[in-house]
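Residue strings, one per chain:
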Amino acid sequence: MNRRQVLTGLAAIPLLQSQAGASAAQAADKPQAFDPSVVRQQARELAGKPYQAPDSKLPSPLAEIDYDAYRAIRFNPERSLWRADQLPFQVQFFHRGFLYKNRVTIFEVADGQARPIPYRSDDFSFGDTPPPASDVELGFAGFRIHTRLNSPDYFDELCVFLGATYFRAVAKGQHYGLSARGLSVDTGQSGGEEFPLFKTFWLERPSQDASSIVVHALLDSKSVAAAYRFTIRPGATTVFDVETALYPRTDLQHPGLAPMTSMFFFGPNDPSDVPDFRPAVHDSNGVAIFNGRGEQLWRPLCNPRDLQISSFADQNPRGFGLMQREREFSAYQDLESRFEQRPSLWAEPIGDWGEGAVKLIEIPTKEEIHDNIAAFWEPKGPLRAKGEHIYTYRLHWGPDTPKPSSLARISRTGISMRSDADRLFVLDVTGEQLKGLDAGSVRGIVSADKGEIRNVVTQPNPLTGGWRLSFNLISNQPPVELRAFLKAGDQALSEVWVYRWTM
């Protein structure tokens, strides 16, 4: 999927039904009793039936519109849900069309009753595309939530749910970057990936003084049905509390929990072969992991020549995320994309998740418009069919991990080629823990699973206030798995840098 089309496709469109379907739609207009158990019950019932693919049929000319025509279809902000009531959150809707043809049913929940949100062609402007011939129920492709994020006088876009189970959010002062997903299935497997879909949403009406909003979602796919509850809290870090119950139709051999996708085109550790005025282009520059053994890992991202899959085995992880650590404009020099203002995304498991692994997928790309990075938690062993599998976690969209670390961190990775078999690695490490240390007390601990490590040097870096660790890797047999960190006596001073050298 073209990520720029997701970012800039800010429109909304519904679907024409047959005359016979109109009476069914009228029946569905009646309020229905609602509580969170309703979504779980629907997921259980779906899982007990054969999967039915969603109806993606659209009337002409909506079925044939291109990207530009889709972008021109706009929801009227004056018609936003809850705008007239002056509530602290407002909702706008996306039209069906282009890449987003599947119908998504959306309800408003108030006073224990769920009422379907009707489609009205008058809520949209269509550009050069003719509007539907009649104002019948078409449904929506997705929605976006607005709130007073950066100013008390303006409703900024906070988050978007659009396409499969993709959603994205921003914190105060940030722009959209990476995305999350409800669930991934068979990501990185040779047989191909399955893409579950959110087919129904329930939006809880917020109170006048609400600081959060609750969204329920029903997921369906060939292998699994699931119920989700998102409690969304905007702020300097925007937080999603996620509760999910999974009901597999078949044994899920490779489920991905808390999945996230991002873009890494090039950076100091992996420069582009194509001349570019920018020194770096990425929405995330590394994956951070706080594992159950108390280690803190940092793995810089790459745009590899071949597909790369990395697995970080763990038990009861404390958290992981795709991070955008470099926050200086000078690192990117891009006035339009403003990569320094893209959010990091941190997943924090609530409760014990048992054995499994954080999986990192790096896919080659020749363009920055594609998301080529994926990260998620894969439990050890399959999630069995006909069972209920419950997971709770917290997603933090913001500038950094939610809790400060007691360890110094790797702020930059640079790599130089000395010869075909000789690579120089230069790691800059920063943190308050490194200030005032005697030069003779700090050691660099470096290891590799093959090849030879030479010339390990640690020295203060007066320009950053931190330290620099450098070493040479002698090997002509990639891939090589590397680990490095700073230590003083028996005490670790920094997180552990992990890297896969592939060329």
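Residues numbered from 1 in each chain as written. Predicted model: local features only at pLDDT ≥ 70, side-chain atom pairs only at ≥ 80, totals over all residues. Heavy atoms only, no water.

Visitor: When you look at the overall build of the chain in this model, what are you seeing that I'm missing?
Guide: Scanning the chain for helices and strands turns up 4 helices and 34 strands. Principal-axis analysis of the C-alpha atoms gives the chain an extent of 80 × 50 × 45 Å. Expressed as a percentage of its 503 residues, the buried residues of the chain come to 53%. Of the contacts formed within the chain by residues at least 6 apart in sequence, a portion of 67% connects residues at least 24 apart. The average position of the 55 basic charges and that of the 60 acidic charges among the side chains of the chain differ by 2 Å. (Helix = DSSP H or I, 4+ residues; strand = E, 2+ residues; numbered from the N terminus. Buried < 20%, exposed > 50% of the residue type's maximum accessible area, 1.4 Å probe, protein only. Contact = heavy atoms within 4.5 Å. Lys, Arg positive; Asp, Glu negative; His and termini not counted. Charge placed at Lys NZ, Arg CZ, Asp CG, Glu CD.)

Visitor: What am I meant to see in the pattern of salt bridges here?
Guide: Side-chain pairs of opposite charge can arise where the charged atoms are in close proximity. Applying the stated rule across the entire model yields 31 salt bridges. When the shortest N-O distance is used, the salt bridge between aspartate 123 and arginine 79 registers 2.8 Å. Of this pair, aspartate 123 sits in the loop between β5 (113-116) and β6 (124-125) while arginine 79 sits in the loop between β2 (74-75) and β3 (89-94); the two residues are 44 residues apart in sequence, bridging distant segments of the chain. A salt bridge links arginine 249 to aspartate 220, with the nearest nitrogen and oxygen atoms 2.8 Å apart. Highlighted residues: arginine 249 in the loop between β15 (238-248) and β16 (255-262) and aspartate 220 in strand β13 (residues 213-220), separated in sequence by 29 residues. Judged by relative accessible area, which is 13%, arginine 249 ranks as buried. On the accessibility criterion, aspartate 220 (5% relative accessible area) is buried. Several salt bridges converge on common partners, so that one network encompasses Arg233, Asp241, Glu348 and Arg394. (Salt bridge = Lys/Arg side-chain N within 4 Å of Asp/Glu carboxyl O.)

Visitor: Help me understand the sheet that holds strand β30 (residues 452-461), please; the structure alone is not making it clear to me.
Guide: Backbone-to-backbone hydrogen bonds join strands into a sheet, with any given pair of strands oriented parallel or antiparallel. Ordered by their spatial adjacency, 4 strands build an open sheet running β27-β28-β31-β30, and the pairing between neighbours is antiparallel. Edge positions in the sheet fall to β27 (409-419) and β30, since each of these pairs with one other strand and no more. Looking at each pair of strands side by side, their axes are set apart by 15° on average, direction ignored. Taken together, the 9 bridges between β27 and strand β28 (residues 422-430) define a ladder with antiparallel strand orientation. Paired with isoleucine 415 across the strands is phenylalanine 425, a residue of β28. (Pairing = 2+ DSSP bridges. Axes fitted to C-alpha atoms, helices over the stretch in contact; angles between N-to-C directions.)

Visitor: Before we go on, may I ask you to explain the environment of isoleucine 369 in this structure?
Guide: Relative to the helices and strands, isoleucine 369 is located in the loop between β24 (355-362) and β25 (373-379). For isoleucine 369, a relative accessible area of 24% translates into the label partly exposed. Sequence separation of isoleucine 369 and phenylalanine 265 is 104 residues, and the distance between their C-alpha atoms is 9.1 Å.

Visitor: How do you make sense of helix α3 (residues 36-47) when you look at a structure like this?
Guide: Every α-helix winds through 3.6 residues per turn, so residues three or four apart in the chain are directed the same way. The first and last C-alpha atoms of α3 sit 17 Å apart over 12 residues, in line with the 16 Å expected at 1.5 Å per residue. Restricting attention to buried positions, one finds in α3 the residues Val39, Ala43, Leu46 and Ala47. Down the axis, α3 shows its buried residues gathered within 95° of arc, on one side only. On the buried face of α3, the contacting elements are β12 (197-204), β13, β14 (224-233) and β15. (Expected span 1.5 Å × (residues − 1). Arc of directions from axis to C-beta.)

Visitor: Mind showing me how you'd approach a nonpolar patch on the surface here?
Guide: On the surface, Leu307, Ile309 and Ile363 cluster together to form a nonpolar patch covering roughly 240 Å² of accessible area. Looking at the secondary structure, you find leucine 307 in the loop between β20 (296-300) and β21 (308-315). The exposure class of leucine 307 is partly exposed, given its relative accessible area of 47%. (Patch = residues over 30% accessible without salt bridge, like charges linked within 9 Å, V, L, I, M, F, W, Y side chains within 5 Å. Areas by Shrake-Rupley, 256 points an atom, 1.4 Å probe, with all protein chains shown as cover.)

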